[in-house]
Structures are given as structure tokens and as C-alpha cells.
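Analysis of the macromolecular model
These are the residues of each chain, in order.
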Amino acid sequence: SCRFLCTATRQKNTGQSSEEEQRHPQNEQKEETSSAEKLLSEEKIKLEEQVKEMTGKRWGILGEWMHLSVGKQQMSTKPEERSVQGFCKDLLEVADVLEKATTSVPKEEITDQNPHLKNLYEGLVMTEVQLQKVFSKHGLVKLNPVGAKFDPYEHEALFSSPMEGKEPGSVAIVTKIGYKLHGRTLRPALVGVVQGGH
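Residues numbered from 1 in each chain as written. Predicted model: local features only at pLDDT ≥ 70, side-chain atom pairs only at ≥ 80, totals over all residues. Heavy atoms only, no water.

Looking at an unreviewed UniProt entry, the chain carries the name GrpE protein homolog, with the source organism given as Callorhinchus milii. UniProt lists a comment for the chain under the heading Subunit (unreviewed entry), and it reads "Probable component of the PAM complex at least composed of a mitochondrial HSP70 protein, GRPEL1 or GRPEL2, TIMM44, TIMM16/PAM16 and TIMM14/DNAJC19. Binds to HSP70, HSC70 and HSJ1B." Quoted straight from UniProt, the Sequence similarities (unreviewed entry) entry for the chain says "Belongs to the GrpE family." (UniProt positions renumbered as here; feature names shortened; annotations may be inferred.)

Okay, here's the thing in C-alpha cells:
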């Protein structure tokens with residue numbers, strides 16, 4: 001009877017160990033899968049960071065290329081044309097100040113109860129409109145490219161970012177309006193670009 005019990009116990013133990021052997025590879029497989037998923041996740045994060053970095057560099061390179069092209073255009077123009085360009089650039093600073101002044105006035109404050117502010121605001125708007133008419137008359141045209149495709153000849157990208165509902169490679173934000181003089185870029189528009197364009 002002792003021999004029977006010992007045999008039964010051995011068989012039982014052997015059965016347990018074989019079950020453990022069967023379970024053990026499954027645990028190892030789960031651990032390997034989890035480890036592989038973790039590595040893939042880390043690699044994905046690294047790749048996403050590299051893509052962001054490369055995209056940012058690309059817009060910077062395009063901006064530099066555009067500046068070189070504009071510089072080359074200016075070098076090829078006659079001295080009198082260059083002096084006109086310099087004068088126009090100085091006037092653009094005046095246009096920027098006027099625009100900033102009109103946009104900074106709270107619209108709800110422009111009422112008949114504030115006649116001084118209202119008159120000042122209307123005077124600034126009229127001056128800005130008149131200045132833009134003079135610009136147009138002499139071939140100086142505004143570049144406000146919101147929604148347009150990024151053009152390195154006309155725009156300078158300050159940053160790029162993914163934006164939902166916006167077309168990749170298009171201009172999402174204009175931080176400073178640009179200008180063209182007789183079809184040539186006098187000052188590129190400073191823009192934010194939707195990431196993901198070609």
C-alpha cells in the first residue's frame with residue numbers, strides 16, 4: 001500500500017509539474033509580447049519626435065532659401081529701384097503701427113458715449129485705408145495668406161504644427177502681413193504652417 005501511495009504521489013507531482021511546464025511558456029510569451037509592445041511604443045515616440053524636428057528644420061530651410069532668393073532679386077534691380085524699395089519698407093512700419101492701433105481698440109468701447117475715442121478710432125481707420133490706397137496705386141500689395149498654400153517666395157514659416165480640419169502645408173496663422181511690390185516680394189508674410197505638407 002505504501003508503494004501504491006508513493007507512486008500515486010509521484011504521478012500527482014509529475015502531473016503538476018507538467019501542467020506548470022505547460023503554463024510557463026504562456027507566461028513567457030505574454031511577457032515577451034508586453035516587452036515587444038513597450039519597445040514598439042518607445043520607438044514610435046522617438047520616430048514622431050524625429051519627424052517633428054525634421055519638419056521644423058524643413059520650414060526653416062525653405063525660409064532661408066526664400067530670403068536668399070529675395071536678396072538675389074534685390075541685387076539684380078537697379079539702384080533707383082532699390083531706393084524705392086527701401087522707402088516702401090520704411091512706410092510698411094507705419095502701416096503696421098496703424099493696424100496695431102486700430103485692432104487694439106476694444107470694439108465695445110467705440111460708442112457715442114466715448115466720442116473722443118470714437119473720433120480717434122475712425123480717424124485711424126481712415127488714415128489706414130488711405131495709406132493702403134496709396135500703396136495699391138504704386139504697386140504695393142498686401143499679402144495676408146490665411147488658408148493659402150505655403151509659398152517660400154512669399155511666406156516665412158515661423159513654426160509648423162498639426163491642426164485638425166486644416167489642409168497640411170497650408171497657412172493657418174499670419175502673425176505679420178507681408179507685401180509685394182510690382183509682383184516681387186518686398187516683405188514675406190510671417191506665418192504658422194499646418195504640419196504634414198509635402
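This next bit is on the nonpolar core. By size, the foremost hydrophobic cluster in this structure holds 19 residues, and its most contacted members are L92, F135, L140, Y179, L186 and V191. Those elements giving two or more residues to this core turn out to be α2 (79-104), α3 (115-137), β1 (140-143), β3 (171-176), β4 (178-181) and β6 (189-194). Ranked by the residues each element gives to this core, the list is headed by α2, at four residues. If we ignore the near neighbours within four places in the chain, the residues touching F135 are L91, L92, A95, L140 and Y179. (Core = buried A, V, L, I, M, F, W, Y, C linked by side-chain atoms within 4.5 Å. Buried < 20%, exposed > 50% of the residue type's maximum accessible area, 1.4 Å probe, protein only. Helix = DSSP H or I, 4+ residues; strand = E, 2+ residues; numbered from the N terminus. Contact = heavy atoms within 4.5 Å.)

The strand order β2-β6-β3 describes an open sheet built from three strands, whose pairing is mixed. Every other strand in the sheet has two partners, leaving β2 (155-161) and β3 as the edge strands with one partner each. Along the sheet, successive strands turn relative to each other by an average axial angle of 30°, direction set aside. As paired strands, β2 and β6 are joined by six bridges and run parallel to one another. Bridge pairing links A157 to V191 in β6. (Pairing = 2+ DSSP bridges. Axes fitted to C-alpha atoms, helices over the stretch in contact; angles between N-to-C directions.)

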